[in-house]
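Understanding the architecture of this molecule
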Amino acid sequence: MKAIPRIPAGRRAFTLIELLVVIAIIAVLIALLLPAVQAAREAARRSQCTNNLKQLGLALANYESSNACYPMAAFAQYLPSGSVNQGMSCFVGLLAYMEQAPLYAAFNTSFGYRCDANSTVSAAGLSVLWCPSDTEIAGVFYTEPAGKAKKAFPQNFMFTSYGGCYGAWASSTTNPAASLQQQNGAIVSNGINPVFGYGSGYSRNVVSIASVTDGTSNSISFGEHAHGLLSKTDGNSSFYKWNWWVSGNYGDTAFTVFYPINVQKKSRDWDNGASSGGYTEGGAFLNAATSFHSGGANFAMCDGSVRFLKDSISTWALDGTGTPPGASFNQSTMLWSVTDPTQYKPGVYQALGTINGGEVISADAY
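Residues numbered from 1 in each chain as written. Predicted model: local features only at pLDDT ≥ 70, side-chain atom pairs only at ≥ 80, totals over all residues. Heavy atoms only, no water.

Within the chain one finds seven helices and 15 strands. Buried residues in the chain amount to 48% of all 366 residues. Contacts spanning at least 24 positions in sequence make up 71% of the contacts within the chain whose residues lie at least 6 apart. Carbon and sulfur atoms provide 57% of the accessible area of the chain, an area that totals close to 16,900 Å². (Helix = DSSP H or I, 4+ residues; strand = E, 2+ residues; numbered from the N terminus. Buried < 20%, exposed > 50% of the residue type's maximum accessible area, 1.4 Å probe, protein only. Contact = heavy atoms within 4.5 Å. Areas by Shrake-Rupley, 256 points an atom, 1.4 Å probe, with all protein chains shown as cover.)

Next comes the structure, spelled out in structure tokens:
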């Protein structure tokens, strides 16, 4: 009978303990690698976001060169029914300068965006308006039913992750006087026009590059306005009814530096993206620059450059209710009032968000 051959000592199998040690080592390596992979992906998304804003900044410069003024952030336009509704956004005006001339030609500028005649344009999605970190925006649309705004047919609306800067004390587009704050007879001027003007009826606030006396490299034109932070469950369907890219309605495609960057991180009463309208917590979010990037947000300047502004930038403080302390908004007059005008000396963020405040901003201030 042949003897059973013995397994050489050098070829014995793994023991259970050795196998567990190997698995643990692999798990540790994966745990160390994943954050690096995520960081690399976010860096790529942030780079693409920067490129998007760069394209918007170049389009804005070409628009101003051709028209001797910047496009308006918001104004009123007629509907086919003859009633007045919100006008088109600044992005519609920039289409011809964003290699979207056919889409601009398809827009009927005799009427507002919210009508059957402009349903083709409103349903178009532009990747240049989508931040890659705003992951719930690409390809998503909202269908407004027939009958709304006196439409005969349903109309689809796509969204944007960006907005134009509307200055430091923005309010209703129907009341240009809201750019002045009055308290106890004293007038506190916001100064300080934004890059994007407003229109009301037949009046118009025209802003040209000559108006940017603070310098084009020190004045914000566009910023991030993250759509995915809006709530889908607040009862108002805020996620679907705000940030339509064709809309000139304030809060859809414009923001104000009155509120700090990423206000949702700084207000203790933040309501998870819910939009309760007006100038409450949800309203503050709708009207503030917001981002999914860690630590701040990207902004395009009037010279076409793009800068990342940190959440820690010098800005007006919050009182915990979504507004700076001592400031209140009157829905009847559409005016802001302040109890202590001296505390509203512009921070660095407010200085960058205005074009003719006369502030001197050093490069290390943000």
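Quick look at the pattern of salt bridges now. With the rule as written, the count across this model stands at two salt bridges. When the shortest N-O distance is used, the salt bridge between E144 and K151 registers 2.3 Å. Taking the relative accessible area as the measure of exposure, K151 reaches 5% and is therefore buried. When salt bridges that share partners are traced, they join R114, E144 and K151 into one network. (Salt bridge = Lys/Arg side-chain N within 4 Å of Asp/Glu carboxyl O.)

This part covers the packing of aromatic side chains. According to the stated counting rule, one finds 13 aromatic pairs in the structure shown. Considering the side-chain rings of Y63 and Y97, the 5.6 Å spacing of their centres and the 70° angle between planes classify their relative orientation as edge-to-face. Here the residue Y63 occupies a position in helix α1 (residues 16-67), and Y97 occupies one in the loop between α2 (90-94) and α3 (101-105), the gap between them amounting to 34 residues. A relative accessible area of 13% places Y63 in the buried class. Seen from their ring centres, Y142 and Y240 are 6.5 Å apart, and the 35° between their planes marks the pair as tilted. Pair noted here: Y142 is in strand β3 (residues 141-144) and Y240 is in helix α5 (residues 238-241), with a separation of 98 residues, a long-range link. (Phe/Tyr/Trp six-rings, centres within 6.5 Å; stacked < 30°, edge-to-face > 60°.)

Let's shift gears to the pairing of β3. Every second residue of β3 is oriented toward a common face, the buried set being Y142 and E144 and the non-buried set F141 and T143. Pairing of β3 with strand β4 (residues 155-158) involves four bridges; the strand directions are antiparallel. For Y142, the partnering residue across the bridge sits in β4 and is F157. (Pairing = 2+ DSSP bridges.)

Residues L56, F91, L126, L129, F222 and W245 are the most contacted members of the largest nonpolar core, which totals 39 residues. Elements supplying a minimum of two residues to this core: α1, α2 and β4. Per-element accounting of this core gives the leading share, six residues, to α1. When near neighbours in sequence (up to four residues on either side) are disregarded, L56 contacts F91, M98, L129, Y162 and F222. If you look at the next biggest cluster of nonpolar residues, it comprises 32 residues, including C165, A297, M301 and L352. (Core = buried A, V, L, I, M, F, W, Y, C linked by side-chain atoms within 4.5 Å.)

This part covers unusual backbone geometry. Despite not being glycine, A68 has its phi angle at roughly 60°, a positive value. Along the chain, A68 turns up in the loop between α1 and β1 (76-78). A residue is classified by how much of its surface remains accessible, and A68, at 53% relative accessible area, is exposed. The phi angle at N243 is positive, at roughly 70°, despite the residue not being glycine. Checked against the element boundaries, N243 lands in the loop between α5 and β11 (254-255).

Counting all residues, the mean pLDDT for the chain is 77, and 74% of those residues have values of 70 or more. Note on residues 172-194: pLDDT is under 50 here. Beyond four places in sequence and across chains, it has 50 contacts. Every residue in residues 197-204 is under pLDDT 50, and counting partners more than four places away or in other chains gives 26 contacts. (pLDDT = per-residue confidence, 0-100.)

This part is about the sheet that holds strand β12 (residues 296-301). The strands making up a sheet are joined through hydrogen bonds of the backbone, oriented either antiparallel or parallel. Pairing in this open sheet of five strands is mixed, and the strands run β11-β5-β10-β12-β13 from one edge to the other. For this open sheet the edge positions go to β11 and β13 (306-310), each flanked by a neighbour on one side alone. The pairing of strand β10 (residues 220-224) with β12 spans three bridges and is antiparallel. Counterpart to I220 in the pairing with β12 is M301.

Let's shift gears to the pairing of β13. Both β12 and β13 contribute to a ladder of five bridges, which runs antiparallel. By the bridge assignment for β13, F299 is matched with R307. Between β12 and the antiparallel strand that follows it, β13, lie four residues; G304 among them carries a positive phi value of about 95°.

Another aspect to go through is a nonpolar patch on the surface. On the surface, a nonpolar cluster with roughly 600 Å² of combined accessible area is contributed by I17, V21, I25, V28, L29 and L32. Structurally, V21 can be placed in helix α1. Residue V21 is classed as partly exposed on the basis of its relative accessible area of 44%. (Patch = residues over 30% accessible without salt bridge, like charges linked within 9 Å, V, L, I, M, F, W, Y side chains within 5 Å.)

Bringing the side chain of Q155 into the picture now. Within the secondary structure, Q155 is located in strand β4. What makes Q155 buried here is its relative accessible area of 0%. In this structure the side chain of Q155 is engaged in a polar contact, spanning 3.3 Å, whose partner is the backbone nitrogen of C115. Among all residues touching Q155, those that are not within four sequence positions of it are Y113, R114, C115, N118, S119, S122, Y142, T143 and E144. (Polar contact = N/O pair within 3.5 Å; in protein donor to acceptor, adjacent residues only side chain to side chain.)

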